[in-house]
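# Survey of secondary and tertiary structure
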Amino acid sequence: MKFESDGQAAAWYHNQILRIQHGKRTYSKRYLTDEQVLAVFDGEVRVEEKVDGKLSVRLRSTEHHCQEYWVAEEMYSKNTVHNHVIKYSGAPHQIWLNKILMEYGLPSITDILEKQNTLGYGTIKLKDPTIEQIHNLLECFARLPSHYGAPKIEGLVLKNMEKQKFAKWINEEFEDKIEESENQ
């Protein structure tokens, strides 16, 4: 595999982070199965606030058999449903998320410099959790206030870097806002 453009790298990155199904909604997008969710939580998992802007991926360097792409969310008013991020004093317009390393045709996601990713809530490590325990834990995390001043966050992004397993948990009211903005 080789990315021929930043857009291909962005599409690959976006497809690595599927939703965790929960709540009483009718789901029309791709979701992780319960087994896949359990696999995400097999090891150390970084919990981050999910913000929705415009995904931006840029090639930063190319060496022999390696390409490095940096991934960010562009947080301008035309790209996001998060007015609290736009209005928050000092909020960056570009929120760095990760790097994609493409080595010998195999892509992987790595951490960007810790101080540049401002979305973290912490890291957890569970031992043989059930799907119900994971859902309860995510419900608690999802009630945290936003790093950008809002009383409630859009959702969470969960990253098991060692296993290269990722997921997102979206609060239902934000899922509705996202669908509304996509239909306009």
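Presented here is a report on the structure given in the accompanying data block. Computed from a predicted structure; not experimentally measured.

In this section: the sheet that holds strand E9 (residues 155-160). Strand order in the open sheet made by the 6 strands is E2-E1-E10-E9-E3-E8, with mixed pairing throughout. Bordering the open sheet on either side are strand E2 (31-32) and strand E8 (120-125), each of which pairs with just one other strand. Pairing of strand E1 (residues 17-20) with strand E10 (residues 165-170), which is carried by 3 bridges, proceeds in the parallel orientation. Looking at E10, one finds that Leu 18 is bridged to Ala 167.

Let us now look at the sheet that holds strand E6 (residues 94-103). The 4 strands lie next to each other as E4-E5-E6-E7, forming an open sheet whose pairing is antiparallel. Every other strand in the sheet has two partners, leaving strand E4 (54-63) and strand E7 (106-111) as the edge strands with one partner each. Going across the sheet, the axis of each strand differs from the next one's by a mean of 25 degrees, ignoring polarity. Bridge analysis of E6 against E7 gives 6 bridges, and the strand direction is antiparallel. Following the sheet pairing, Asn 98 is matched in E7 by Asp 111.

Counting 20 residues, the largest nonpolar core has Phe 3, Tyr 13, Val 57, Ile 95 and Ile 100 as the members making the most contacts within it. At the level of elements, helix H1 (6-16), strand E5 (66-74) and E6 are the ones that each hand at least two residues to this core. The contacts of Ile 95, once residues within four sequence positions are left out, are Val 51, Val 71, Ala 72, Glu 73, Met 75, Thr 118, Leu 119 and Tyr 148. Listed in part, the 19 residues of the second largest apolar core include Leu 18, Val 40, Val 45 and Val 47.

Moving on to the pattern of salt bridges. For the structure shown, the criterion picks out 5 salt bridges. With its nearest N and O atoms 2.7 Å apart, the salt bridge here joins Glu 48 to Arg 46. Two residues, Glu 48 and Lys 159, come together in a salt bridge whose shortest N-O distance is 2.8 Å. Taken together, the residues span a long stretch of sequence, with Glu 48 in strand E3 (residues 44-50) and Lys 159 in strand E9 at a distance of 111 residues. If you follow the salt bridges from partner to partner, you end up with Arg 46, Glu 48 and Lys 159 in one network.

Tracing the backbone through its elements, the reader meets Ile 170 in strand E10. With 147 residues separating them in the primary sequence, Ile 170 and Gly 23 have C-alpha atoms 10.0 Å apart.

It is worth spelling out the packing of aromatic side chains at this point. Across all of its chains, the model carries 3 aromatic pairs by this definition. Look at Phe 3 and Trp 12: their rings are 6.0 Å apart centre to centre, the planes differ by 50 degrees, and that puts the pair in the tilted class. The same class applies to Phe 3 and to Trp 12, which are both buried. When the ring of Trp 70 is compared with that of Trp 96, the centres are 5.3 Å apart and the planes differ by 85 degrees; the resulting orientation is edge-to-face. Taken together, the residues Trp 70 in strand E5 and Trp 96 in strand E6 connect sequence positions 26 residues apart. Lying across the ring of Trp 70, Arg 60 places its NZ or CZ 4.4 Å from the centre.

What follows is about the pairing of E9. With respect to burial, E9 is a largely interior element, 6 of its 6 residues being buried. Of the two faces of E9, the one holding Gly 155, Val 157 and Lys 159 and the one holding Leu 156, Leu 158 and Asn 160 are both buried throughout. Here 5 bridges tie E3 to E9, and the two strands are oriented antiparallel to one another. By the bridge assignment for E9, Lys 50 is matched with Gly 155. Pairing of E9 with E10 involves 6 bridges; the strand directions are antiparallel. Bridge pairing in E10 places Val 157 opposite Lys 168. Count of turn residues in the E9/E10 antiparallel hairpin: 4 residues, of which Gln 164 carries a positive phi of about 55 degrees.

What counts, and at which threshold
Residues numbered from 1 in each chain as written. Predicted model: local features only at pLDDT ≥ 70, side-chain atom pairs only at ≥ 80, totals over all residues. Heavy atoms only, no water. Pairing = 2+ DSSP bridges. Helix = DSSP H or I, 4+ residues; strand = E, 2+ residues; numbered from the N terminus. Axes fitted to C-alpha atoms, helices over the stretch in contact; angles between N-to-C directions. Core = buried A, V, L, I, M, F, W, Y, C linked by side-chain atoms within 4.5 Å. Buried < 20%, exposed > 50% of the residue type's maximum accessible area, 1.4 Å probe, protein only. Contact = heavy atoms within 4.5 Å. Salt bridge = Lys/Arg side-chain N within 4 Å of Asp/Glu carboxyl O. Phe/Tyr/Trp six-rings, centres within 6.5 Å; stacked < 30°, edge-to-face > 60°. Lys NZ or Arg CZ within 6 Å of the ring centre and 35° of its normal.

Any functional reading would require information that these geometric values do not contain.
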